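One letter stands for each residue in the lines below.
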Amino acid sequence: RLSVLHLISTLDVGGAEQNLLRLTSSMDNTCFLSMVVSMTDIGPVGEELRKQDITVHSLNMKKGLPDPRGIYHLKRLVSLYQPDIIQCWMYHANLFGLLFSHKRHLIWNIRCSDMDLSRYGLIYKYTVKAGAIFSRIPDVVIANSFAGKEFHEGLGYSSRKWEVIPNGFDTDLFKFDKDSGNNIRLESGIPLDAPVIGLIARLDPMKDHETFFKAAELFLKIYPEAHLVLAGRDVENNNPLIMACLQGTSQPDHFHMLGQRRDIPQILSALDIASSSSSWGEGLPNTIGEAMATSIPCVVTDVGDSRVLVGDTGYVVPKNNPQALSTAWTRLIDSGHKNLRALGEKARERIRQHYSLHSTTKKYEALYSGLIQKSMI
């Protein structure tokens, strides 16, 4: 079997980590052998990978702190497994993988687009910029969005070969389930007939929760019976940033902070509309693709490839514009439940046709096989 060692910065719950889980779990294991190495700890996604019988190792490095012991540990693993390909995920892993690419194929994977580097620390900023210097070394640089490829080319990334492979979504896992959605509503104290808008995103400056809260306040003036459901890492009532956003609302009891959850398909089924309020950085947003697969229409800001993903199945609005976000929600709710369901089914069909997990996995498999075949000529 062709062996691929996936090197990733973390295995926390996040978009890149979830895509790695989906990819390795869906690959043809009669032809491909996958193993995963996290630069930090195993994390919740690592545990899920192990449940899929995928070998997972951790280097136990601390975030933001170079550790020579991690170099020794990874060198030992590469020597042990002798992978044909090292596939790196995200900036830190991309650079770290350079140390072990001698006489084997190296692939980088970039997951974001127009990053506002001024919002992040020096180590992160210089890691991104260093990638441009070394970007001709990998055999291939994969971006999950056209916007991401264009942005990184603007930073000076000059890969020998670019591949744009969008995220793939599992329509067997993500599908509308009315009973599950109703249970989420009842658990949260939300009336079954109330309009519900959702934002599934970790608390990060790029996700721009502040704009979402401002849009929600405008929306509640038109639909005071509406509720807002938010889930993601650190999205909790006791978080100071969330508390500050809630202080500016007139109905704080209509906002439901669910934190990091494992039952995202069920939460999505509780929504009438899924939204993204991101200001920058998105490549191809996982949560929007997952919502579309669940037959939930979406309203997104025009960041990354969000416009390409949604197509004509929802609304795309300017970033940093609470009024535009609220107006789009209002138009969808005003259109009635029947239209929402029809638009949601159209969104699910778009995922099936253009962003299925099967098609994405086949693209990765073809890329891996092509690299090996080319080296044998």
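The structure reproduced in this document is the subject of the present report. For clarity, every value in this text was computed on a predicted model and none was experimentally measured.

Here we come to the nonpolar core. Where a protein is soluble and globular, its nonpolar side chains tend to be buried together. Counting 32 residues, the largest nonpolar core has Leu7, Leu59, Leu74, Phe96 and Tyr157 as the members making the most contacts within it. The set of elements that each furnish at least two residues to this core consists of strand 1 (2–8), strand 2 (32–38), helix 3 (68–81), strand 4 (85–89), helix 4 (91–97), strand 5 (105–110), helix 5 (122–134) and strand 6 (140–143). The residues touching Tyr157, leaving out its near neighbours within four places in the chain, are Tyr91, Trp108, Ile110, Val128, Gly131, Ala132, Ser135, His152 and Trp162. Ranked by size, the runner-up nonpolar core spans 31 residues in total, among them Ala215, Ala216, Leu220 and Ala226.

Turning to the packing of aromatic side chains, a few remarks are in order. For the structure shown, the criterion picks out eleven aromatic pairs. Pairing Phe96 with Phe100 gives two aromatic rings, centres 5.8 Å apart and planes at 70°, and the pair type is edge-to-face. The buried category is assigned to Phe100, whose relative accessible area is 8%. Measuring from centroid to centroid gives 5.3 Å for Phe213 and Phe255, while their planes differ by 15°, and the two rings are stacked. Here Phe213 is found in helix 8 (residues 209–222), whereas its partner Phe255 is found in strand 10 (residues 255–257), with 42 residues between them in sequence.

Right, let's get into the pattern of salt bridges. Scanning the entire structure with this criterion turns up 16 salt bridges. Each of Glu48, Lys51 and Arg262 takes part in a single network of salt bridges with overlapping partners.

Strand order in the open sheet made by the seven strands is 3-2-1-4-5-6-7, with parallel pairing throughout. The sheet terminates laterally at strand 3 (55–58) and strand 7 (162–164), the two strands that pair on one side only. Put simply, the sheet's adjacent strands are angled 20° from each other on average, direction ignored. Summarising the sheet, strand 1 and strand 4 pair through five bridges and their orientation is parallel.

Our focus in this paragraph is helix 7 (residues 178–188). Of all the residues in helix 7, the buried ones are Ser180, Gly181, Ile184 and Arg185. Buried residues along helix 7 cover an arc of 140° about the axis, so they all sit on one side. Facing away from the buried surface of helix 7 by more than 90 degrees, the exposed residues are Lys178, Asp179, Leu186 and Glu187. Elements in contact with the buried residues of helix 7: strand 8 (196–200) and helix 10 (264–269). The distance from a side-chain oxygen at the start of helix 7 to the backbone nitrogen of Asp179 is 3.2 Å, and the residue carrying that oxygen is Asp177. Looking one or two residues beyond helix 7, the residue adopting positive phi is Gly189, at roughly 75°.

Procedures and definitions
Starting afresh in each chain, residues are numbered from 1 along the sequence in its written order. Residues qualify for local features only when their pLDDT is at least 70, as the model is predicted, and side-chain atom pairs are given and counted only at 80 or more; totals for whole chains, interfaces and linings, by contrast, use all residues. Values reported for side chains reflect all heavy atoms of the structure, with hydrogen atoms and water molecules removed beforehand. Definition of nonpolar core: a set of buried residues of the types Ala, Val, Leu, Ile, Met, Phe, Trp, Tyr and Cys, connected through side-chain atoms within 4.5 Å. Per-residue accessibility, obtained with a 1.4 Å probe over protein chains only, is compared with the maximum for each type, and a residue is labelled buried under 20%, exposed over 50%, and partly exposed between these values. Helix numbers and strand numbers start at the N terminus; a helix is a DSSP run of H or I with at least 4 residues, a strand a run of E with at least 2. We call two residues in contact whenever any of their non-hydrogen atoms come within 4.5 Å of each other. The aromatic pairing rule takes the rings of Phe, Tyr and Trp, using the six-membered ring of Trp, and pairs them if the centres are within 6.5 Å, calling planes under 30 degrees apart stacked, those over 60 edge-to-face and the rest tilted. For this document, the term salt bridge refers to a Lys or Arg side-chain nitrogen within 4 Å of an Asp or Glu carboxyl oxygen. When DSSP finds two or more bridges between a pair of strands, those strands are recorded as paired. Only the contacting stretch of a helix is used when fitting its axis, a line to C-alpha atoms as for every element, and angles between N-to-C directions run 0 to 180 degrees. The arc under discussion is defined with respect to the helix axis, by the directions toward the C-beta atoms. Counting of polar contacts relies on pairs of N or O atoms within 3.5 Å, with two restrictions inside protein: one atom must be capable of donating a hydrogen and the other of accepting it, and residues adjacent in sequence are counted only when both atoms are side-chain atoms.

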